[in-house]
Amino acid sequence: MSFLIVLAALCFLMFVAYRGYSVILFAPIAALGAVLLTDPSLVAPMFTGLFMDKMVGFLKLYFPVFLLGAVFGKLIEISGFSKAIVAGTIRVVGRQRAMLSIVLVCALLTYGGVSLFVVVFAVYPFAAEMFRQSDIPKRLVPGTIALGAFTFTMDALPGTPQIQNIIPTSFFGTTAWAAPVLGSLGAVFILALGISYLEWRRRVALRAGEGYGRDLRNEPEPFRGDRLAHPLIAILPLLLVGVANFLFTRWIPGWYGESQSFVPAVIGNPAPVVQEVSKVAAIWAVQGALLVGIVSVLLFAWKPVFASFAEGTKSAIGGALLASMNTASEYGFGAVIAALPGFLVVANALQAIPNPLVNEAISVTALAGITGSASGGMSIALAAMADSFIANANAAGIPMDVLHRVASMASGGMDTLPHNGAVITLLAVTGLSHRQSYKDIFAITLIKTMAVFFIIALFYLTGWI
């Protein structure tokens, strides 16, 4: 019964998200409904002590990233840089390869360490412009961005700095470059199948004469300047964000050390405020990189930006608030569900799968799907089961690098179900609904999940690492 309660809460939230209802309202309803059916006396304590604690904790850490990312994306849009990048890209690769161009730009940014959420805000303006000029349906934009940002550069390519590739290192004693051959081949598998699927969807729409679409929401504002910037200048802020993020990630720990403390200058004898730098260094790096990107846009295109800055940033801030609250609410839901007895039933049942790599892959991707978070599901799975994964792998002669890569790629499998925070953010930013675009995101989700079992089979057939 406790398992059925967890399953019912998950299905309910996925259903209301797909129907277009706000998860800010329904995530706590779904989570607390599950608590009510499990132990009514814990409803209020769970809401205040766990749901709100996790929700506010997420906002404390990540709202500045959402805000700066939204402002950066809006400035790329109103400066005309998005249109200049699109015009240059079309000249180089042609209109027929618009989808591949967007996927590669997303991949470049995420592999450079830019947050997935920031990539959504930054890439959407010129993705929409490129799709409009190429007469590709806008409803395919989310699936295209998801393929470039949420898949192979998130967890498959060796060396990616995304958190989904970093978490396994502390459990298996590996590095971010674990299993480079398997990871690279898995990335090629995802990219090839993903592009093939999206191109097939584009051709079907073309034969039906569908076009970009009309009466759409959150459309990028038209450029009102005299002439477009050179494409190399237009893309420079995006490159600066990636480079600055890379540099700040390495410099910040050296500047601040392990921790920093200060005493607030207020009346009385307040306790010192201590900040552990290791926990926020990556977030500070992203924030600093986005500020560098914003300043560079202002320097290179101050005239068109100044003309629309007030109204443009208002809409960007509104979008950042909605996107961050959606994701934070999902984060709170996942925390509550993970604390229920039914979740423990799922975790224990998954341990009965005999093959070590298949056991790990199914456990991680299932828990990521339940919690709606790749990093959250993987963290829960490895914290509870890493010792058994390691023992079974050692008995079967499986290197720790393979365990690392399987866990990392599995976390990015079924995590993108309809209630996932990144999916909801992507749809909110693009102004599309689950009904319009989730089918393509789910197809990419299935390809990601298949890729995990592809590399497991590859390892057993070849022994490659």
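Structure's up top.
This text gives an overview of the structure that appears in the document. What you see as residue numbers is a count from 1 along each chain, following the sequence as written. For a predicted model such as this one, the threshold for reporting local features is a pLDDT of at least 70, and the threshold for listing and counting side-chain atom pairs is 80 or more; totals across whole chains, interfaces and linings nevertheless cover every residue. Remark: hydrogens and water are excluded; side-chain values derive from all non-hydrogen atoms of the structure.

Structural notes on the overall build of the protein
Cut-off, in case you're wondering: Helix and strand definitions follow DSSP, with helices as H or I runs of at least four residues and strands as E runs of at least two, each counted in order from the N terminus. Restricting the calculation to C-alpha atoms gives the radius of gyration, and the globule rule supplies 2.2 Å times the number of residues raised to the power 0.38. Working rule for contacts: check all heavy atoms of both residues, and any pair within 4.5 Å makes them a contact. In these tables, accessible area is a Shrake-Rupley quantity obtained with a 1.4 Å probe, and a residue counts as shielded only by the protein chains included in the view. Counted as positive: Lys and Arg. Counted as negative: Asp and Glu. His and the chain ends are not counted at all. Charge placement uses NZ in Lys and CZ in Arg. For Asp and Glu, CG and CD serve respectively.
Across its full length, the protein carries 19 helices and 2 strands. Taking 23 Å as the expected radius of gyration for a compact globule of 465 residues, we find that the protein reaches 22 Å, a close match to that expectation. Looking at the protein alone, contacts between residues at least 24 apart form 80% of all its contacts between residues at least 6 apart. As displayed, the protein offers around 19900 Å² of accessible surface, 67% of which is attributable to carbon and sulfur atoms. For the protein, the centre of its 27 positive side-chain charges and the centre of its 21 negative side-chain charges are spaced 10 Å apart.

Focus on the nonpolar core
Put simply, the rule reads: Only buried residues count toward a nonpolar core. Its members are Ala, Val, Leu, Ile, Met, Phe, Trp, Tyr and Cys residues joined through side-chain atoms within 4.5 Å. Relative accessibility decides the category of a residue: with a 1.4 Å probe and only protein chains considered, values under 20% of the type maximum give buried, values over 50% give exposed, and everything between is partly exposed.
Phe 72, Ile 102, Val 123, Ile 145, Ile 190, Phe 333 and Ile 337 are the most contacted members of the largest nonpolar core, which has 149 residues in total. Once you skip the residues sitting within four places of it in the chain, Ile 145 turns out to touch Ile 102, Cys 106, Val 120, Val 123, Tyr 124, Ala 127, Phe 150 and Leu 426.

So, the packing of helix α7 (residues 141-149) against helix α10 (residues 180-207)
Quick reminder of the rule: Every angle, taken between N-to-C directions, lies between 0 and 180 degrees, and every axis is a line fitted to C-alpha atoms, over only the stretch in contact when it is a helix. For classification, angles of less than 35 degrees are called roughly parallel, those exceeding 145 degrees roughly antiparallel, those between 65 and 115 degrees roughly perpendicular, and all remaining angles oblique. Nonpolar residues are Ala, Val, Leu, Ile, Met, Phe, Trp, Tyr, Cys and Pro. Charged residues are Asp, Glu, Lys and Arg, and all others, Gly as well, are polar.
In the contact formed by α7 and α10, the axes pass within 10 Å of each other and the chain directions differ by 170°. Classified by the interaxial angle, the pair formed by α7 and α10 is roughly antiparallel. Residues Gly 143, Thr 144 and Leu 147 of α7 pack against Ile 190, Gly 194, Ile 195 and Leu 198 of α10. Class assignment for the residues of the contact of α7 with α10 results in 4 nonpolar, 3 polar and no charged.

Some words on a nonpolar patch on the surface
In plain terms, the rule: In this analysis, a patch consists of residues with relative accessible area above 30% that form no salt bridge, clustered at 9 Å for like charges and at 5 Å for the nonpolar side chains Val, Leu, Ile, Met, Phe, Trp and Tyr. Salt bridge criterion: a side-chain nitrogen from Lys or Arg within 4 Å of a carboxyl oxygen from Asp or Glu.
Residues Val 243, Phe 246, Leu 247, Trp 251, Trp 255 and Tyr 256 make up a contiguous nonpolar surface patch of about 610 Å² in total accessible area. By the secondary structure assignment, Val 243 is in helix α11 (residues 231-256).

Considerations on the pattern of salt bridges
Scanning all chains against the criterion turns up 8 salt bridges. Across the pair Lys 74 and Glu 77 runs a salt bridge, and its minimum N-O distance is 3.1 Å. In this pair, Lys 74 and Glu 77 both sit in helix α3 (residues 43-78), 3 residues apart, roughly one turn of the helix. Classification of Lys 74 as buried rests on a relative accessible area of 12%. Judged by its relative accessible area of 5%, Glu 77 is buried. The closest approach of N and O atoms between Arg 202 and Glu 199, which form a salt bridge, is 2.7 Å. Here Arg 202 and its partner Glu 199 are both found in helix α10, 3 residues apart, which amounts to about one turn of the helix.

Structural notes on the environment of Pro 137
The residue Pro 137 is located in the loop between α6 (116-134) and α7 in this model. When the C-alpha atoms of Pro 137 and Glu 360 are compared, they prove to be 38 Å apart, with 223 residues separating the residues in sequence. Apart from the residues within four sequence positions on either side, Pro 137 is in contact with Phe 131, Ala 205, Glu 210, Gly 211 and Tyr 212.

Looking at the packing of aromatic side chains
Put simply, the test is: In summary, the pairing rule links any two rings of Phe, Tyr or Trp, Trp by its six-membered ring, whose centres are within 6.5 Å, and it sorts them by plane angle into stacked for under 30 degrees, edge-to-face for over 60 and tilted for everything else. Charge-over-ring contacts are defined here by two conditions on Lys NZ or Arg CZ: a distance within 6 Å of the ring centre and an angle within 35 degrees of the ring normal.
Scanning the model with the defined rule gives 16 aromatic pairs in all. Centre to centre, the rings of Phe 58 and Phe 66 are 6.2 Å apart; their planes meet at 65°, and the pair counts as edge-to-face. With respect to burial, Phe 58 and Phe 66 carry one shared label: buried. Considering the side-chain rings of Phe 189 and Phe 454, the 4.5 Å spacing of their centres and the 20° angle between planes classify their relative orientation as stacked. Here Phe 189 is found in helix α10, whereas its partner Phe 454 is found in helix α19 (residues 434-462), with 265 residues between them in sequence. Residue Phe 454 is classed as partly exposed on the basis of its relative accessible area of 29%. Taken together, the ring pairs in this structure connect Phe 58, Tyr 62, Phe 66, Phe 121 and Tyr 331 into an aromatic cluster. A cation over a ring is seen here: Arg 250 above Phe 246, with NZ or CZ 3.7 Å from the ring centre.

Here's the deal with α6
Put simply, the rule is: Expected helix span is computed as 1.5 Å times (number of residues minus one). Bend is computed residue by residue as the angle between axes fitted to the seven residues ending at the residue and the seven residues starting at it.
Look at α6: 25 Å from first C-alpha to last across 19 residues, which is about the 27 Å you get at 1.5 Å a residue. The sharpest bend along α6 comes to roughly 40°, located at Val 123, with the proline Pro 125 sitting one to four residues further on. Of all 19 residues in α6, 17 are buried, a share of seventy percent or more. Asp 135 sits one or two positions beyond α6 and adopts a positive phi of about 60°.

Overview of the environment of Phe 246
As for its placement among the helices and strands, Phe 246 is situated in helix α11. With a relative accessible area of 42%, Phe 246 lands in the partly exposed category. Separated by 144 residues in the primary sequence, Phe 246 and Ile 102 place their C-alpha atoms 22 Å from one another.

Regarding the packing of helix α5 (residues 98-111) against α6
Each pair of packed helices can be summarised by the angle the axes make with each other and by the distance between the axes. We count it as follows: Two helices crossing with the near one rotated counterclockwise from the far one by less than a right angle form a left-handed crossing, whereas a clockwise rotation gives a right-handed crossing.
Their axes nearest at 10 Å, the elements α5 and α6 cross at an angle of 165°. Considering their axes alone, α5 and α6 lie roughly antiparallel with respect to each other. Between α5 and α6 the crossing geometry is right-handed. Where α5 abuts α6, its residues Ala 98, Met 99, Ser 101, Ile 102, Val 105, Cys 106, Leu 109 and Thr 110 lie against Leu 116, Val 119, Val 123, Phe 126, Ala 127, Met 130, Phe 131 and Ser 134. Of the residues belonging to the contact of α5 with α6, the class tally is 13 nonpolar, 3 polar and no charged.

Concerning the environment of Ile 167
Residue placement: Ile 167 occurs in helix α9 (residues 163-172). For Ile 167, a relative accessible area of 11% corresponds to the buried category. Taking the C-alpha atoms as reference points, Ile 167 and Gly 376, 209 residues apart in sequence, are found 10.0 Å from one another.

Considering unusual backbone geometry
The phi dihedral of Ala 179 is positive, around 45°, even though this residue is not glycine. Notably, Asn 218 is not glycine yet its phi reads approximately 55°, a positive angle. Relative to the helices and strands, Asn 218 is located in the loop between α10 and α11.

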